[in-house]
Amino acid sequence: MASYADNFNRANGAIGAAWANVGGASFQIVSNEVRQQSSGGQYYAGRYESNMDSGDYSVTATIRCTDGASGVGVIGRMTASGTATSDIDGYAAFYFPGDRWYLQRLVNGQDSFGGSGVALDDYVGSTTAGTNYTVELRMSGTSIDVYIDSTLRMSATDSGLSTGRAGLMSYGGANSTNAPYYENFTAIDAAGTNATAT
């Protein structure tokens, strides 16, 4: 079963050939972490360019953000090709510092707040700026679950997407210490165990 991992422990610069920047994103390695450095009022994604064996898998990362205007999270069952904003279709689990956590089905790079995306669930919990959180998005058939620091916090049933790739996502960003940060990415099929390092 397909299993992938990237801890980003390598030289500063581009995120690497295993990834695609989507929607004008600029995912860059800085001090063994990834920052999403494009800024603007839109969604960005970093798509891991390897296929999962099925649509039933989990995607996990340690994330943090200090800018309340930026969101940070992970995405699954994402469109497997294209790099335009309209190619950001997928299940996204993310938070905004000082606000809340969201589970949304992004459609053409849009959420449910004035766009064509679908709101699936939200969670009013800890979203402290500058704090690391480990978020895990689990997808099995039409069941979508989100674990935050190993505790189930959001769940939904949705049939809008059945397959696709895993990745990182943000809303907005910044070329500074306020950028969304990511560490320890994994994507593991439901029956998978050992992750293949990038």
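So, here is what we can say about the structure in this document. These figures come from a predicted structure and were not determined experimentally.

Let's talk about unusual backbone geometry
- Phi is positive for Arg77, which is not a glycine, with a value near 50 degrees.
- Counting through the fold element by element, Arg77 comes out in strand β8 (residues 71–78).
- A relative accessible area of 2% means that Arg77 is categorised as buried.
- Even without being glycine, Asp149 reaches a positive phi, approximately 50 degrees.

Details of the pattern of salt bridges
- The final tally for this structure, using the stated rule, is nine salt bridges.
- Residues Glu33 and Arg64 are paired through a salt bridge, measuring 2.7 Å at the closest nitrogen-oxygen approach. Placement of the pair is Glu33 in strand β5 (residues 33–36) and Arg64 in strand β7 (residues 57–64), with a sequence separation of 31 residues. Here the two residues Glu33 and Arg64 agree in accessibility, since each one is buried.

Side note on the environment of Arg100
- Mapped onto the elements, Arg100 comes out in the loop between β9 (90–95) and β10 (101–106).
- C-alpha separation for the pair Arg100 and Ser26, spaced 74 residues apart in sequence, amounts to 25 Å.
- Not counting residues within four places of it along the chain, the set of residues in contact with Arg100 comprises Phe94, Tyr95, Asp122, Tyr123, Val124 and Thr127.
- A distance of 3.2 Å separates a polar atom in the side chain of Arg100 from a polar atom in the side chain of Asp122.

Concerning the side chain of Asp189
- Tracing the sequence through the fold places Asp189 in strand β16 (residues 181–189).
- Arg77 is the oppositely charged side chain nearest to the buried, salt-bridge-free Asp189, at an N-O distance of 9.2 Å.
- Within the structure, Asp189 has its side chain in polar contact with the backbone nitrogen of Ser54 (distance 3.4 Å).
- If we ignore the near neighbours within four places in the chain, the residues touching Asp189 are Met1, Ala2, Ser3, Met52, Asp53, Ser54, Asp56 and Tyr57.

Some words on the sheet that holds strand β6 (residues 43–48)
- The strand order across the open sheet built from seven strands is β3-β6-β15-β8-β9-β10-β11, with neighbouring strands paired in antiparallel fashion. With partners counted over all chains shown, the strands left at the sheet margins are β3 (19–22) and β11 (118–123), one partner each. On average, adjacent strands in this sheet sit at an angle of 20 degrees to one another, irrespective of strand direction.
- Sheet topology places β9 next to β10; six bridges connect them, and they run antiparallel. Looking across to β10, one finds that Gly90 is bridged to Leu106.

Looking at the pairing of β10
- Counting buried positions over the six residues of β10 gives six, a clear majority of the element.
- Judged by which residues are buried, β10 turns out to be covered on both faces: Trp101, Leu103 and Arg105 on one side and Tyr102, Gln104 and Leu106 on the other are all buried.
- Hairpin connection between β9 and β10: a loop of five residues separates the two successive antiparallel strands, and Gly98 in this loop has a positive phi of roughly 80 degrees.
- Here five bridges tie β10 to β11, and the two strands are oriented antiparallel to one another.

The rules behind these values
- Residue positions are counted from 1 within each chain, in the order its sequence is given.
- Reporting in this predicted model follows two pLDDT cut-offs: at least 70 for local features of residues, and 80 or more for side-chain atom pairs to be given and counted; totals over whole chains, interfaces and linings ignore these cut-offs and use all residues.
- Only heavy atoms go into the side-chain values, all of them from the structure, while hydrogens and water stay out.
- The numbering of helices and of strands both runs from the N terminus, where a helix is a DSSP run of H or I of at least 4 residues and a strand a run of E of at least 2.
- In this scheme, a residue with accessible area under 20% of its type's maximum is buried, one over 50% is exposed, and one in between is partly exposed, where area comes from a 1.4 Å probe on protein chains only.
- Salt bridge, as applied in this entry: a Lys or Arg side-chain nitrogen positioned within 4 Å of an Asp or Glu carboxyl oxygen.
- Contacts were defined at the residue level, with two residues in contact if any of their heavy atoms lie within 4.5 Å.
- Identification of polar contacts relies on pairs of N or O atoms within 3.5 Å, with a donor-acceptor requirement for protein atoms, meaning one able to donate a hydrogen and the other able to accept it, and with residues adjacent in sequence counted only if both atoms are side-chain atoms.
- Under the counting rule used here, the positive set is Lys and Arg, the negative set is Asp and Glu, and His together with the chain ends is not counted.
- Between any two strands, at least two bridges found by DSSP are needed for them to pair.
- Axes, fitted as lines to C-alpha atoms, cover a helix only where it is in contact. Angles between the N-to-C directions of the axes lie from 0 to 180 degrees.

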